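A structural walkthrough
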Amino acid sequence: MQKSDFNYDLPKERIAQEPADPRDSARLMCLDRSSGQVSHRVFHELPSLLKPGDLLVVNNSKVLPARLIGVKEGTGAACEVLILKPRSSDVWECLAKPGKRLKTGARVVFGEGILVAEILETTEEGNKIISFSHPGKTFYEALEEVGRLPLPHYIEKQLEDDEQYQTVYAKELGSAAAPTAGLHFTDELLQKLRDMGVQTVEVTLHVGLGTFRPVKENDITHHHMHTEWYSISQEAADRINETKAAGNRVIAVGTTSCRTLESAYQAHGKICACQGDTNIFIYPGYEFGIMDGLITNFHLPESTLIMLVSAFAGYEHTMDAYRTAVEEQYRFYSFGDAMLIL
């Protein structure tokens, strides 16, 4: 398939600049992946759309305050660093601006010395390998003091509260972007689901900024997928396997939970306790091994995320649903409305 096959027209005003308030007041498009039939609901109606015995798989990764604004030691020039992924305890791969001026050995100071970065090397892709020092604090304590949440480039409005860009079940620090399908859940909604017999289980996938990286190859099979770290506990594996054995549905909350499940299945032929890096690329033609349903937001044109949704719901059904969403004035992207695909 060609990249252009996944294009659609989206007016800029349909890109949500802030989350729904309350979280579960977002709209919910329901898509039947066998017939392509669409219906329009509200996210807090989810309990009426699921069944006792269903299992929701959520990604408990928490967004790092990974955007750092500081000054270059010696010159006082303004610099920006965006933390991507760890290489070791205090060494991280990062994006840095101005990249050409931050050569090996350069130091950048944040928060008057709360955190100090030293450039160790530049990768082939242009990213920086940076060693951080943080006198008298842990790295994460220093990061919490001086860092900001890295909102996607298409969100131009500043958040009133950083918690708006975290799920209510976020706990494992490590993501450069939020697993946004989970932003629609409230504690109260999760309790209603548990009360009716719908369970949740947590997995972890640390979302990288590669999730926003555009597909440049016209033939999508030539696209090089970014790598992200994932983990499934023994308890999570057991509950997922028990759900499947009982003939009940496993429903991934978000494309990141989907990629976690399918990565484990591809690597081991089953769901088991495991962790590691994944660069799984799911596009039409992929055969799903575990997932029976998906809750997801509306994604960018020509992105790997809309390709994943098309693989699960069917290409024609997905593109028709997106055109309907535009016509019906749904809100799109990270803070936008949601889809339930069953």
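Before any of the text, the structure's been laid out above.
Rules of the game
- Residues numbered from 1 in each chain as written.
- Predicted model: local features only at pLDDT ≥ 70, side-chain atom pairs only at ≥ 80, totals over all residues.
- Heavy atoms only, no water.
- Pairing = 2+ DSSP bridges.
- Helix = DSSP H or I, 4+ residues; strand = E, 2+ residues; numbered from the N terminus.
- Axes fitted to C-alpha atoms, helices over the stretch in contact; angles between N-to-C directions.
- Buried < 20%, exposed > 50% of the residue type's maximum accessible area, 1.4 Å probe, protein only.
- Polar contact = N/O pair within 3.5 Å; in protein donor to acceptor, adjacent residues only side chain to side chain.
- Contact = heavy atoms within 4.5 Å.
- Phe/Tyr/Trp six-rings, centres within 6.5 Å; stacked < 30°, edge-to-face > 60°.
- Lys NZ or Arg CZ within 6 Å of the ring centre and 35° of its normal.

Description of the sheet that holds strand β9 (residues 115-122)
Taking strand neighbours around the barrel as the criterion, the 6 strands line up as β5-β6-β7-β10-β9-β8 in a closed arrangement whose pairing is antiparallel. Here the average twist between neighbouring strands, direction ignored, is 45 degrees. Of the strand pairs in this sheet, strand β7 (residues 91-97) and strand β10 (residues 128-133) are connected by 4 bridges, and their pairing is antiparallel. Paired with C94 across the bridge in β10 is K128.

Structural notes on the environment of T186
Following the sequence through the fold, T186 ends up in the loop between β11 (172-175) and α2 (187-195). Among the residues examined, T186 registers a relative accessible area of 10% and is labelled buried. A sequence separation of 164 residues divides T186 from P22, and the C-alpha atoms of the two residues are 8.3 Å apart. Engagement of the side chain of T186 in a polar contact is seen with the backbone nitrogen of L189, the distance being 3.0 Å.

Some details on the environment of T180
By secondary structure assignment, the location of T180 is in the loop between β11 and α2. Setting aside residues no more than four positions away along its own chain, T180 makes contact with Y165, N297 and S334.

A closer look at the pairing of strand β3 (residues 55-59)
Of all 5 residues that make up β3, 5 are buried, and the element is covered over most of its length. Here β3 shows no split at all, with L55, V57 and N59 on one side and L56 and V58 on the other all buried. The sheet contact formed by β3 and strand β14 (residues 250-253) spans 3 bridges and is parallel. From the neighbouring strand, L56 faces β14, where its bridge partner is I251.

Concerning the packing of aromatic side chains
Tallied over the full model, the rule gives 18 aromatic pairs. A ring pair is formed by Y8 and Y322, whose centres lie 5.1 Å apart and whose planes are at 65 degrees; its orientation type is edge-to-face. Note that Y8 is positioned in the segment before β1 (27-31) and Y322 in helix α6 (residues 315-327), a separation of 314 residues in sequence. By the burial criterion, Y8 is buried, and Y322 matches it. Three or more aromatic residues link up through ring pairs in this structure, and these residues are Y8, Y154, F298, Y322, Y330, F332 and Y333. When the ring centre of Y330 is taken as origin, the NZ or CZ atom of R27, which lies over that ring, is 3.9 Å away. One cation-aromatic arrangement involves R33 over F312; the distance from NZ or CZ to the ring centre is 4.0 Å.

Regarding the side chain of T278
Within the element layout of this structure, T278 appears in strand β15 (residues 274-278). A polar atom in the side chain of T278 sits 2.6 Å from the side chain of S263. In terms of polar contacts, T278 uses its side chain to reach the backbone amide nitrogen of I280, at 3.1 Å. Each residue touching T278, except ones within four places of it in the same chain, is listed here: L205, H226, T227, E228, Y230, R259 and S263.

Re the sheet that holds β14
The 9 strands are arranged β2-β1-β17-β16-β14-β3-β12-β13-β15 in an open sheet whose pairing can be described as mixed. Looking along the sheet, the strands with just one partner apiece sit at the ends: β2 (38-42) and β15. Sheet twist, expressed as the mean angle between neighbouring strand axes with direction ignored, is 25 degrees. Examined bridge by bridge, β14 and strand β16 (residues 293-297) share 3 bridges and lie parallel to one another. Of the residues in β16, the one forming a bridge with I251 is G293. Contacting β1, β16 and β17 (338-341), helix α5 (residues 304-313) crosses the sheet at an angle of about 150 degrees to β16. Sheet strands touched by α6: β1, β2, β16 and β17. Its angle to β1, the strand with the most contacts, is close to 150 degrees.

Read these as spatial facts, not as claims about activity.
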